[in-house]
Amino acid sequence: MQIKIGIITVSDRASKGIYEDISGKAIIETLNSYLTSKWEPVYQVIPDEQYLIESTIKQMADKEDCCLIVTTGGTGPAVRDVTPEATEAVCDKMMPGFGELMRQVSLQYVPTAILSRQTAGIRGKALIVNLPGKPKSIRECLDAVFPAIPYCIDLIEGPFLETDPKVLSVFRPKA
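Presented here is a report on the structure given in the accompanying data block. Fair warning: this is a prediction, and the values are worked out from it, not measured in the lab. (Residues numbered from 1 in each chain as written. Predicted model: local features only at pLDDT ≥ 70, side-chain atom pairs only at ≥ 80, totals over all residues. Heavy atoms only, no water.)

Let's talk about the packing of helix α2 (residues 22-34) against helix α6 (residues 135-145)
Point 1. Remark: α2 packs on α6, axes separated minimally by 9 Å, with the N-to-C direction vectors making an angle of 35°. Here the hand of the crossing between α2 and α6 comes out right-handed. Of the residues in α6, those in contact with Ile22, Ser23, Ala26, Ile27, Thr30, Ser33 and Tyr34 of α2 are Pro135, Ile138, Arg139, Leu142 and Asp143.
Point 2. Residues of the contact of α2 with α6, tallied by class, amount to 7 nonpolar, 3 polar and 2 charged. (Axes fitted to C-alpha atoms, helices over the stretch in contact; angles between N-to-C directions. Helix = DSSP H or I, 4+ residues; strand = E, 2+ residues; numbered from the N terminus. Left-handed = near helix turned anticlockwise from the far one by under 90°. Contact = heavy atoms within 4.5 Å. Nonpolar A, V, L, I, M, F, W, Y, C, P; charged D, E, K, R; others polar.)

The following block contains the structure:
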């Protein structure tokens, strides 16, 4: 079974081609460095529209069978930032610890991390994680939360994700 991971860049300007999406590519690059399991990205760049974010997450979780869906962008306080609202609207369970840890880590670098509203949740057998939009912040946040992601996916009956322990150690309880 091919492991599928959804990557959604939420950006009005990138979706219109005004600038290149470097955030989504940063997520793919980071996941490639972590994972030794064969995986396939399901990648989309969409505008900051809540209904579109919701339908894209649902499509990736329900139809594409993505075990992990990572969003980037739309997590700030601006009027058009609605990624957390879209995530909450489609999730069966919320996982607030992800956002708490990402903000804690980001606060070590910038005081404006308190303005970030990243969150995470579960829809069926998919974990959805909202990341900030800057590539440097994406890596910092993923480095912090990814050690828990493979075990979370185990618990929701998703595929077994293997990582390169030289790059990132993940936690799984000893049987």
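Some points on the pattern of salt bridges
Point 1. Counted according to the given criterion, the structure contains 10 salt bridges.
Point 2. For arginine 80, the salt bridge goes to aspartate 12, with nearest N and O atoms at 2.8 Å. With a gap of 68 residues between them, arginine 80 in the loop between β3 (68-72) and α4 (83-90) and aspartate 12 in helix α1 (residues 12-15) connect regions that are remote in the sequence. (Salt bridge = Lys/Arg side-chain N within 4 Å of Asp/Glu carboxyl O.)

Brief notes about unusual backbone geometry
Point 1. In this model, aspartate 65 sits at a positive phi of 60°, which is unusual for a non-glycine residue.
Point 2. Its place among the elements puts aspartate 65 in the loop between α3 (50-63) and β3.
Point 3. When its relative accessible area of 58% is taken as the criterion, aspartate 65 is described as exposed.
Point 4. Unusually for a residue other than glycine, glutamate 157 sits at a positive phi of about 65°.
Point 5. On the secondary structure map, glutamate 157 appears in the segment after α7 (149-155). (Buried < 20%, exposed > 50% of the residue type's maximum accessible area, 1.4 Å probe, protein only.)

Comments concerning the nonpolar core
Point 1. Within the largest apolar cluster, 30 residues are counted, with the highest numbers of intra-cluster contacts made by Ile5, Leu68, Leu127, Val129, Leu131, Phe146 and Ile149.
Point 2. Contributions of two or more residues to this core are made by β1 (3-10), α2, β3, α5 (96-107), β5 (120-123), β6 (126-131), α6 and α7.
Point 3. When near neighbours in sequence (up to four residues on either side) are disregarded, valine 129 contacts Leu68, Ile69, Val70, Thr71, Phe98, Met102, Thr119, Ala120 and Ile149. (Core = buried A, V, L, I, M, F, W, Y, C linked by side-chain atoms within 4.5 Å.)

Focus on the sheet that holds strand β2 (residues 39-46)
Point 1. On the basis of which strands lie adjacent, the open sheet formed by 6 strands has the order β2-β1-β3-β6-β5-β4 and mixed pairing. Sheet topology places β2 and β4 (93-94) at the edges, where each strand pairs with a single neighbour.
Point 2. Here β4 pairs with β5 via 2 bridges, running antiparallel. Within β5, the position partnered with methionine 94 by the bridge is glycine 121. (Pairing = 2+ DSSP bridges.)

Digging into the environment of leucine 101
Point 1. Along the chain, leucine 101 falls in helix α5.
Point 2. Judged by relative accessible area, which is 29%, leucine 101 ranks as partly exposed.
Point 3. Those residues in contact with leucine 101 that lie beyond four places of it in its chain are Ala144 and Val145.

Take it as geometry only, folks, not as evidence of what the structure does.
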